[in-house]
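Commentary on secondary and tertiary structure
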Amino acid sequence: MIFSDRDEAPIALDMHPDWAALLGPPARELELEIGSGHGGYALAFGPRHPDRVLVAVEQRRKFAADLEEKVRKRKLGNLVVLTGDARILAPRLFPEGSLAAVHVHFPDPWWKRRHVRRRLVDDGMSTLILRLLRPGGHLDFRTDVERYARDAVERLEEAGFANASGPGRFAERGPEEIPSTREKRYLASGQPVWRLRMTRPRESR
Ligand SMILES: C[S@@+](CC[C@H](N)C(=O)[O-])C[C@H]1O[C@@H](n2cnc3c(N)ncnc32)[C@H](O)[C@@H]1O
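Residues numbered from 1 in each chain as written. Predicted model: local features only at pLDDT ≥ 70, side-chain atom pairs only at ≥ 80, totals over all residues. Heavy atoms only, no water.

The next point concerns the sheet that holds strand β1 (residues 29-34). Taken in spatial order, the seven strands of this open sheet run β3-β2-β1-β4-β5-β7-β6, and their pairing is mixed. On the outer flanks of this sheet lie β3 (79-83) and β6 (162-163), each paired with one strand and no other. Inspection of the sheet shows β6 paired to strand β7 (residues 194-199) by two bridges, in the antiparallel sense. From the neighbouring strand, asparagine 163 faces β7, where its bridge partner is methionine 198. Along the sheet, helix α4 (residues 86-93) contacts β1, β2 (52-58) and β3; its crossing angle with β2, the most-contacted strand, is approximately 145°. (Pairing = 2+ DSSP bridges. Helix = DSSP H or I, 4+ residues; strand = E, 2+ residues; numbered from the N terminus. Contact = heavy atoms within 4.5 Å. Axes fitted to C-alpha atoms, helices over the stretch in contact; angles between N-to-C directions.)

Spelled out as C-alpha cells, the structure:
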C-alpha cells in the first residue's frame, strides 16, 4: 500500500484510518518510522517483529516506491509504506495515544543557520510525536550531528518527554537495536552516533 499526501489517496485522509480493520487480526502494536530512506531499518524490522506493525513514511517518492517493492517481494505483511510529508500525514493517520513507538533516524541536518528551522524535530513535531505516542510509548531518535542531538534532547524534554538515560543524556546502543541504512556505514567506520530514547510519561494526558 503506498499513497501520497498529494494524490487521490486510497486511504481517506479526512479521518484516521481504521488500522485494526486495515491490518486485520491479531491486533498488533503500531509503530511509525519517519524518513525511512532506503529502508534498511524497516526491512529488518518486518521479519524481526511479526507481532508489530511499522508504518514507514518517506517524503521522497522514489525511495518509498523502491521500499514498497521490496516489502511486496519479501511478503512483509506488517510493513506499510507511505509517501508524503510526515508532519502533514502523521496527525491524519494516527489518533492521539495510538503509537507504541516513533523512530526518527538521521533526519536531514540542515546545516546552514538560516535552514535550521527546517529541521524535522522542531517544537511542533516534538509535541505532535508526544501526543501520538501512548503513555509509556517511546521515541527512538538517532543522529550523527552532535548539535542536532543537543538541541533535540533539550527540545524533547521541554515538550514533556521523559529521558530514559537521565536529563540531557544520550543512550547507549542496545544489543538488539536494528541499524538503519545510514547507520550501518557509521557502525562500520566508527563515526559517533547520538541516540535518544525518550518516553511519553505514563501519567501524561
Ligand atoms: C538522511 S536520510 C536518513 C534515512 C534513513 N532514516 C536512514 O537512517 O538511513 C533522511 C530521510 O528523511 C526523509 N524526510 C525528510 N523530511 C521528511 C518528512 N517531513 N517526512 C517524511 N520523510 C522525510 C528524507 O527524504 C530522507 O530520505
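Moving on, we come to the packing of helix α5 (residues 123-132) against helix α6 (residues 146-159). Packing of α5 against α6 leaves a shortest axis separation of 9 Å and a crossing angle of 50°. Comparing their axes, α6 and α5 come out oblique. Considering the relative orientation of α5 and α6, their crossing is right-handed. Here Asp123, Ser126, Thr127 and Leu130 of α5 lie close against α6, whose contacting residues are Arg155, Leu156 and Ala159. Of the residues that constitute the contact of α5 with α6, the class distribution is three nonpolar, two polar and two charged. (Parallel < 35°, antiparallel > 145°, perpendicular 65-115°, else oblique. Left-handed = near helix turned anticlockwise from the far one by under 90°. Nonpolar A, V, L, I, M, F, W, Y, C, P; charged D, E, K, R; others polar.)

This paragraph deals with the environment of glutamate 203. Residue placement: glutamate 203 occurs in the segment after β7. Looking at glutamate 203, the relative accessible area reads 66%, which means it is exposed. Sequence separation between glutamate 203 and glycine 136 is 67 residues; the distance between their C-alpha atoms is 8.8 Å. (Buried < 20%, exposed > 50% of the residue type's maximum accessible area, 1.4 Å probe, protein only.)

Turning our attention to the confidence of the model for the protein chain. Interpretation of the predicted coordinates at a detailed level should be avoided for regions scoring low in pLDDT. Counting all residues, the mean pLDDT for the protein chain is 89, and 86% of those residues have values of 70 or more. In this model residues 6-10 is a low-confidence stretch, pLDDT under 50, and it forms seven contacts with partners more than four residues away in sequence or in other chains. (pLDDT = per-residue confidence, 0-100.)

Around the ligand there are 19 residues in total, and Gly35, Glu58, Asp85, His105 and Ser180 lie nearest to it. The contact in question runs from a nitrogen atom of the ligand to an N or O atom on the backbone of alanine 86, over 2.9 Å. A per-class count over the shell around the ligand returns five nonpolar, eight polar and six charged. (Near = heavy atom within 4 Å. Polar contact = N/O pair within 3.5 Å; in protein donor to acceptor, adjacent residues only side chain to side chain.)

Even without being a glycine, lysine 75 presents a positive backbone phi close to 55°. Note that lysine 75 resides in the loop between α3 (61-73) and β3. Even without being a glycine, phenylalanine 106 presents a positive backbone phi close to 55°. For phenylalanine 106, the position within the fold is in the loop between β4 (99-105) and α5.

With that out of the way, let us pick up the pairing of strand β5 (residues 133-143). Both faces of the sheet carry side chains from a regular strand, because those side chains alternate between them. For β5, a buried count of eight out of eleven residues is recorded, marking the element as mostly surrounded by other parts of the structure. Direction of pairing for β4 relative to β5: parallel, over a ladder of six bridges. Along β5, the bridge assignment pairs histidine 103 with aspartate 140. Taken together, the six bridges between β5 and β7 define a ladder with antiparallel strand orientation. Directly across from histidine 138, in β7, lies its bridge partner threonine 199.

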